[in-house]
Amino acid sequence: MDFGRSDNIRVQAQLDRLAALSIPQGRFGLETITALMERLGYPHRRLPPVFHVAGTNGKGSVCAFLRAILEAEGKAVHVTTSPHLVRYNERIRLAGRLIEDDALADLLEEVLDEASGLGPSFFEVTIAAAFLAFSRVAADACVVEVGMGGRFDATNVLEAGVVAVSGIAALGLDHEQFLLRPERGTPKPPMARIAFEKAGIAKRGVPLLALDQVPEATSQIIVRAESVGTTLGLHGHDWSNKLERIDGEARHIYRDRMGELLLPLPSLKGPHQLRNAGLAVAMIRHQSRIQVSSEAIAAGLESAVWPGRMQLLADGPLTGGREVWIDGGHNASAGAALAKHWAKHWAQHWAQHRGEDKIHLILGMMSTKDPKAILEPLRRAAASITIVPLKDRDFHPPEAFGADIGAAPDLASAIAGLPPDGRKVVIAGSLYLVGEALELNGELPD
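This one's a predicted model, so the numbers in the text were calculated from it and none came from an experiment.

A.B. asks: Can you tell me about the overall build of the protein chain, naming the residues and giving the values?
C.D. replies: Check the secondary structure of the protein chain and you find 14 helices and 17 strands. Compactness check: the protein chain gives a C-alpha radius of gyration of 21 Å against a globular reference of 22 Å for 446 residues, within 12% of the reference. When the backbone C-alpha atoms are referred to their principal axes, the protein chain occupies close to 60 × 55 × 45 Å. For the protein chain, the proportion of its 446 residues judged to be buried stands at 57%. When contacts within the protein chain are restricted to residue pairs at least 6 apart in sequence, those whose partners lie at least 24 apart make up 73%. Of the roughly 18,400 Å² of accessible surface on the protein chain, 50% is carried by carbon and sulfur atoms.

Dropping the structure here:
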């Protein structure tokens, strides 16, 4: 667990308190976060309209598109996402700007003091701090990313009165020890159970939009929407977005019952980002709390930024003049999406140049993740594979990835040890490794 570190003494003192909490990862149930909200004066009931996003992969990208679209409309937007890549401040964005150190120190101190005796988790304190800050700073909207699951996630303390729309991004297997734990009355098939947990954010009267999933997952989303009494908009049924050839040019077409939009391609890289952009557009168009123009939707898709996801690093201390890409994907679904991007990008090169344009792959993965999840989809694209440790965390050693795999003591050494062949470098496997790359290269997310 990355509790964060700060050069600000006051912030670090509160981060040290966070690190000392007895339940760092999370808990099952909303009793503690509800009690904490009560002690703080119910700030979660005094928020601007909330766009609430769950999912296994892509929910952060959906949040980035939502924020960009709303800001293109001229709205001030609060955002809370997780995890942070370099600084804890990234988890709380107030009216467009990351929370300042002094305000963060005061906020965390207040929440931790009020939480005395409750035994909250790291994430419960973080969400309480975010909602308290959001209730005190004027804004037009909030974008809230679910941390893990949905039904018992701390963000699900939100009530129907403040939520404008809910969304469910792509689903896959992750956090199985939490989300697939045995519980009476829950679905047995793994993907059905994952969908059951994620769809727990649905609320009566609040529109729910969802990407298309495997059938057993979609069925659970439909059941949840019907049981709480809300409208459900399914990708491919109630709305769609795809690339179509118009006059020989690929164009992004979005359609729903309200009409058709001709949109630009999303700024975020990778074919999977088209689906994430579509979900953001659908959420915007199926809610009624904030009016957003088609021009703002188009501008937001072109301007969205989401650090650490298929991001090209600037020329800096770490890259050493090489073209280095980073991506925080860490499960099988993310690995497949990453491989699809590079396979599409280089398909003709493999055929024409016999693999001369393959990548150098650098991986570091938490010990709780499947070491083959990222490696196997990308193996065909890799000219070399180097495994690196994750700082201050339990990680898979090189032998966990199989035979004929290279290793380096750290990220900088891994890049410095690559041959000067001009090939692109891809760093993946963990958001913690991505955060380290950004920090080493002097690119702090803002």
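A.B. asks: Just give me the short version of the packing of aromatic side chains, but keep the residues and values in it.
C.D. replies: Under the counting rule described, the total for this entry stands at three aromatic pairs. Here the aromatic rings of Tyr88 and Phe122 are separated by 6.0 Å at their centres, their planes lie at 90°, and the arrangement is edge-to-face. With Tyr88 in the loop between strand E2 (77–80) and strand E3 (93–94) and Phe122 in helix H5 (residues 122–136), this residue pair connects regions lying 34 residues apart in the sequence. One exposure class covers both Tyr88 and Phe122, and it is buried. Taking the centre distance of 6.1 Å and the plane angle of 20° together, the rings of Trp239 and Tyr254 count as stacked. One end of the pair, Trp239, is in strand E9 (residues 239–246); the other, Tyr254, is in strand E10 (residues 249–256), and 15 residues separate them in sequence. Of the two residues examined, Trp239 and Tyr254, each falls in the buried class.

A.B. asks: Go over the environment of Arg46, please, and point to the residues and values.
C.D. replies: Examined against the element boundaries, Arg46 turns out to sit in the loop between helix H2 (31–39) and strand E1 (50–54). Accessibility expressed as a relative area gives 43% for Arg46, which makes it partly exposed. Taking the C-alpha atoms as reference, Arg46 lies 5.5 Å from Ser135; in sequence the two are 89 residues apart. Once residues lying within four places of it in the same chain are set aside, the contact partners of Arg46 are Gly41 and Ser135.

A.B. asks: Provide a residue-level description of the layout of surface pockets, including the pertinent values.
C.D. replies: Roughly 520 Å³ of volume is contained in the second largest pocket. Along the wall of the second largest pocket there are 26 residues; nearest its centre are Arg67, Val305, Trp306, Pro307 and Pro445. Elements represented by at least two residues in the lining of the second largest pocket include exactly helix H3 (59–72) and strand E12 (311–312). Sorting elements by how many residues they give to the lining of the second largest pocket places H3 first, with three residues. Of the residues contributing to the lining of the second largest pocket, the split by class is 17 nonpolar, two polar and seven charged.

A.B. asks: Summarise the side chain of Asp256; cite the residues concerned and give the values.
C.D. replies: Tracing the sequence through the fold places Asp256 in strand E10. At 2.8 Å, the side chain of Asp256 and the side chain of Tyr254 are in polar contact. Polar contacts involving the side chain of Asp256 include one to the main-chain amide nitrogen of Met258, which spans 2.8 Å. When neighbours within four sequence positions are excluded, Asp256 is seen to be in contact with Asp238, Trp239, Arg285 and His286.

Analysis parameters
- Residues numbered from 1 in each chain as written.
- Predicted model: local features only at pLDDT ≥ 70, side-chain atom pairs only at ≥ 80, totals over all residues.
- Heavy atoms only, no water.
- Helix = DSSP H or I, 4+ residues; strand = E, 2+ residues; numbered from the N terminus.
- Rg over C-alpha atoms; globule rule 2.2 N^0.38 Å.
- Buried < 20%, exposed > 50% of the residue type's maximum accessible area, 1.4 Å probe, protein only.
- Contact = heavy atoms within 4.5 Å.
- Areas by Shrake-Rupley, 256 points an atom, 1.4 Å probe, with all protein chains shown as cover.
- Phe/Tyr/Trp six-rings, centres within 6.5 Å; stacked < 30°, edge-to-face > 60°.
- 1 Å grid on protein atoms, 1.4 Å probe; cavity = no way out; pocket = protein on both sides within 12 Å on 5 of 7 lines; lining within 4 Å.
- Points joined across faces, edges and corners; volume = space filled by probe spheres on them.
- Nonpolar A, V, L, I, M, F, W, Y, C, P; charged D, E, K, R; others polar.
- Polar contact = N/O pair within 3.5 Å; in protein donor to acceptor, adjacent residues only side chain to side chain.

In short, the description is geometric, and any link to function would need to be established separately.
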